[in-house]
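# Examination of the molecular architecture
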Amino acid sequence: MKEHLKTTKIGEYDIQYLDIGEGIPVVLIHGLAGDYSAWTSQIQILKDHYRVIAFDNRGAGKSTQVDEPISTQDLAKDTLGLMDYLGVQSAHIVGRSMGGAVAQHMALMSPKRVKSLVLCASFAILDPLGRRVLFNMREALEWRMNWADHARHSVQNFVSADFFNHKQEQVKKIESLIGGETRLPACYIRQNEACQNHDTSSQLALIKQPTLIMAGASDPICSLTATHILSSGIKDSQTILFENASHFFLMEQADKFNHSLLDWLNSH
């Protein structure tokens, strides 16, 4: 897929993106950690049926990295700007974790641009547990300024206890993935703050697009409390829980997630 990667200027920022496949557009927005490659398995599945757009958020991957204040609204404007550049009038918007927070702002800012929303391990507002976990991960990075150390302190927050205890090789791969970050620590810290400050809880009733919410039942970052706020706030939304799975249920139960996503897109 790397041969399909391109870069364009959106506002002041260079944004690296992947635009592959044909059909109804699906925009994939990654979370606080990682970059567009967090969606690799989904891109492979979707590209034969849809036009798939995945990209590195500002401050991640190969997009512009600057130590400056940022909000989830800013990232939503970047995403809408990329859609403008690519001539995409409307699309299904799929966001994981912070990406789902960004997607909510897109639906609120430009409702006609959003065909449907898929919010994966996401939140309208973090609960006290989620805030503490995110703050601790940020603090570990600030103390150590080393991605491998940050990964070692963080990985247990992303998978269930059962997965951690019985699939150590896969846990090591996830830890290596997190520990292999090349971004400026300052950008992660700024976006961690953006997650802490995100609050669309009082606006959820304004989101009218068909919405699928997916959550890991044992996720400490986007807990069942945060999931309930989304599910009860967005009228007629559908919620799928992944039992015995955590924040990375997309990896822990990949088949169930991929089938759920494809079924949703095909039916909308």
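All of the points below concern the structure found in this document. Bear in mind that the values here come from a model prediction, so they are computed numbers and not experimental data.

Before going further, it helps to spend a moment on the overall build of the protein chain. Of the regular secondary structure elements, the protein chain holds 11 helices and eight strands. Taking 268 residues into account, the globule formula puts the C-alpha radius of gyration at 18 Å, and the protein chain, at 17 Å, falls close to it. Taken along the three principal axes of its C-alpha coordinates, the protein chain extends 45 × 40 × 35 Å. Approximately 11,500 Å² of the protein chain is accessible, and the part contributed by carbon and sulfur atoms is 50%. Averaged over its 25 positive side-chain charges, the protein chain has a centre that lies 2 Å from the centre of its 29 negative ones.

This part covers helix H7 (residues 168-179). One full turn of an α-helix is made of 3.6 residues, so residues set three or four places apart face in the same direction. If you check H7, its first and last C-alpha atoms are 16 Å apart, about what 12 residues at 1.5 Å a residue would give, namely 16 Å. For H7, the set of buried residues is Val171, Ile174 and Ile178. Along the axis of H7, the buried residues cluster in a sector spanning 60°; they form a single face. Set apart from the buried face of H7 by more than 90 degrees, the exposed residues are Glu169, Lys173, Ser176 and Leu177. Among the structural elements, helix H5 (147-154), helix H6 (161-166) and helix H10 (249-252) are those in contact with the buried residues of H7.

Conventions and cut-offs
- Once a new chain begins, its residue numbering starts again from 1 and follows that chain's sequence as written.
- Thresholds applied to this predicted model are a pLDDT of at least 70 for local features of residues and 80 or more for the giving and counting of side-chain atom pairs; totals over whole chains, interfaces and linings are not thresholded and use all residues.
- With hydrogens and water set aside, each side-chain value is computed from the structure's full complement of heavy atoms.
- The way it works is that DSSP assigns letters per residue, a run of H or I at least four long becomes a helix, a run of E at least two long becomes a strand, and they are numbered from the N terminus.
- For the radius of gyration, the atoms used are the C-alpha atoms, and the globule rule reads 2.2 Å times the number of residues raised to 0.38.
- Note on areas: Shrake-Rupley with a 1.4 Å probe; residue coverage comes only from the protein chains shown.
- Counted as positive: Lys and Arg. Counted as negative: Asp and Glu, with His and the chain ends omitted from the count.
- Every charge is mapped onto a representative atom, which is NZ of Lys, CZ of Arg, CG of Asp or CD of Glu.
- Expected helix span is given by 1.5 Å per residue-to-residue step, counting one fewer step than there are residues.
- Throughout this description, buried means an accessible area under 20% of the type-specific maximum (1.4 Å probe, protein chains only), exposed means over 50%, and partly exposed covers the range between.
- To be clear, the arc concerns the directions from the helix axis to the C-beta atoms.
- In this analysis, two residues are considered to be in contact whenever any of their non-hydrogen atoms come within 4.5 Å of each other.

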